[in-house]
Amino acid sequence: MSADDFKRAAAAAAAQLVEPDMVLGLGTGSTAAHFISLLGERVRDGLYVAAVPTSEDTAKRAALAGIELVEPDEATIIDLAVDGADEVDGRKQLIKGGGGALLREKIIANAARRFVVIADASKKVAELGAFPLPVEIDRFSYGLTVRAVREALIALGFADADVRLRASTVGPAFISDGGNFILDCRLKRLPDAPAVDRALKAIPGVVETGLFIGLADVVILAGPAGVERIG
Ligand code: 5RP
């Protein structure tokens, strides 16, 4: 089986958690896309749910799958949010934002009664940090913010922190759905992820980090050994 098959297997396990009339948060990325496609099959079989998308891409996919979309402000309750991740550790801490949707993903994950993470087992790590940490920043005077991010990381002990503005294939820099830039911070190891999250979020100009700490209720990982559930 390929990594994509495992992503679909994790998504299928999460799809079983969906009940009629739920309001769902729909994540972004290839694993979330499997969940949307599987949910669409159930909707075509008569299941009624409504969903809040975490990106323009997800909104398009969900609409094509026949899933009713609601504006986040119209959804007084989000019963279940399901999303992928770039890295997951044994404490259900995550790095997200590889697809550039981290801000909306974090808003919806935080608002949901239950946040379920789906991934292929290769995303599980003993310690976060090998995947470059995405940080969403305001475009205004972004050079000052980049400098402040670098200085904060150096102060935390990341002497060789490599902070890069995410590039785009269609323009000089990647721009998120919210109109912001994304920095990718190559830190290699993150022994104290909450401390990094706090320090970065204290910088004016930083909108959000891709560290999801204390948000995931359940992590579903699929790999050659089968489906593993944490939480
Ligand atoms: C998007 C994300 C994605 O969930 C993350 O990048 C994982 O993507 P994929 O499911 O394609 O591996 O955080 O911002």
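Our subject is the structure listed above.
With that out of the way, let us pick up empty space enclosed by the protein. To find the voids left in a structure, one rolls a probe of water-molecule size over its atoms. This model, assessed by the stated rule, comprises one cavity of 30 Å³ or more. The volume enclosed by the largest cavity comes to roughly 50 Å³. Gly100, Ala101, Leu102, Leu103, Arg104, Glu136, Ser176, Asp177 and Gly178 are the residues that line the largest cavity. Of the residues that constitute the lining of the largest cavity, the class distribution is three nonpolar, three polar and three charged.

Let's shift gears to the site of the ligand. Contacts to the ligand come from 17 residues, most closely from Ser30, Thr31, Asp86, Gly97 and Lys123. Note that an oxygen atom of the ligand is positioned 2.6 Å from one of the side-chain N or O atoms of aspartate 86.

Along strand β1 (residues 23–26), one buried face is formed by Val23 and Gly25 and the opposite face, lined by Leu24 and Leu26, is buried too. Pairing geometry for β1 and strand β2 (residues 50–53), over four bridges, is parallel. Counterpart to leucine 26 in the pairing with β2 is proline 53. What joins β1 to β2 is helix α2 (residues 30–44), and the crossover it makes is right-handed. With three bridges connecting them, β1 and strand β4 (residues 78–83) associate as parallel partners. Across the sheet, residue leucine 24 finds its bridge partner in β4, namely leucine 80.

To continue, consider the packing of aromatic side chains. Per the counting criterion, the structure on display carries two aromatic pairs. With centroids separated by 6.4 Å and ring planes inclined at 40 degrees, the aromatic side chains of phenylalanine 115 and phenylalanine 212 adopt a geometry described as tilted. A residue pair is termed long-range when its members are at least 10 positions apart, and phenylalanine 115 in strand β7 (residues 112–120) and phenylalanine 212 in strand β12 (residues 211–212) qualify at 97 residues. Like phenylalanine 115, the residue phenylalanine 212 is buried in the burial classification. With a centroid separation of 4.9 Å and 85 degrees between ring planes, the pair formed by tyrosine 142 and phenylalanine 181 is classed as edge-to-face. With tyrosine 142 in helix α5 (residues 142–155) and phenylalanine 181 in strand β10 (residues 181–186), this pair connects stretches of sequence that are 39 residues apart. The ring of phenylalanine 212 carries the charged tip of lysine 96 above its face, separated from the ring centre by 5.6 Å. The ring of phenylalanine 174 is capped by arginine 166, whose NZ or CZ atom sits 5.5 Å from the centre of that ring.

A separate point is the pattern of salt bridges. What the rule picks out here adds up to 14 salt bridges. Residue lysine 201 pairs with glutamate 208 through a salt bridge whose shortest N-O separation is 3.4 Å. By relative accessible area, lysine 201 is classed as partly exposed at 39%. Among the charged side chains, a network of salt bridges with common partners joins Lys106, Asp197, Lys201 and Glu208.

Among the residues of helix α3 (residues 56–64), those classed as buried are Thr58, Ala59 and Ala62. Seen from one end, α3 has its buried residues packed into an arc of 105 degrees, which puts them on one side. The outward face of α3, more than 90 degrees from its buried face, is lined by the exposed residues Lys60 and Leu64. The inward-facing, buried residues of α3 contact β1, α2, β2 and β3 (68–69). Backbone geometry just after α3 places glycine 66 at a positive phi near 85 degrees.

Our next topic: the layout of surface pockets. Of the voids in this model, the largest pocket is the one considered here, and its volume is about 250 Å³. Residue lining of the largest pocket: Pro53, Thr54, Ser55, Glu56, Ala59, Leu69, Val70, Glu71, Pro72, Arg104, Ile107 and Ile108, and that is the complete set. Going through the elements one at a time, α3 and α4 (102–111) are the ones with two or more residues in the lining of the largest pocket. The biggest single contributor to the lining of the largest pocket is α4, with three residues. A per-class count over the lining of the largest pocket returns seven nonpolar, two polar and three charged.

Reading guide: rules and limits
- Residues numbered from 1 in each chain as written.
- Predicted model: local features only at pLDDT ≥ 70, side-chain atom pairs only at ≥ 80, totals over all residues.
- Heavy atoms only, no water.
- 1 Å grid on protein atoms, 1.4 Å probe; cavity = no way out; pocket = protein on both sides within 12 Å on 5 of 7 lines; lining within 4 Å.
- Points joined across faces, edges and corners; volume = space filled by probe spheres on them.
- Nonpolar A, V, L, I, M, F, W, Y, C, P; charged D, E, K, R; others polar.
- Near = heavy atom within 4 Å.
- Polar contact = N/O pair within 3.5 Å; in protein donor to acceptor, adjacent residues only side chain to side chain.
- Buried < 20%, exposed > 50% of the residue type's maximum accessible area, 1.4 Å probe, protein only.
- Helix = DSSP H or I, 4+ residues; strand = E, 2+ residues; numbered from the N terminus.
- Pairing = 2+ DSSP bridges.
- Right-handed = clockwise from strand over helix to strand, strands pointing away.
- Phe/Tyr/Trp six-rings, centres within 6.5 Å; stacked < 30°, edge-to-face > 60°.
- Lys NZ or Arg CZ within 6 Å of the ring centre and 35° of its normal.
- Salt bridge = Lys/Arg side-chain N within 4 Å of Asp/Glu carboxyl O.
- Arc of directions from axis to C-beta.
- Contact = heavy atoms within 4.5 Å.

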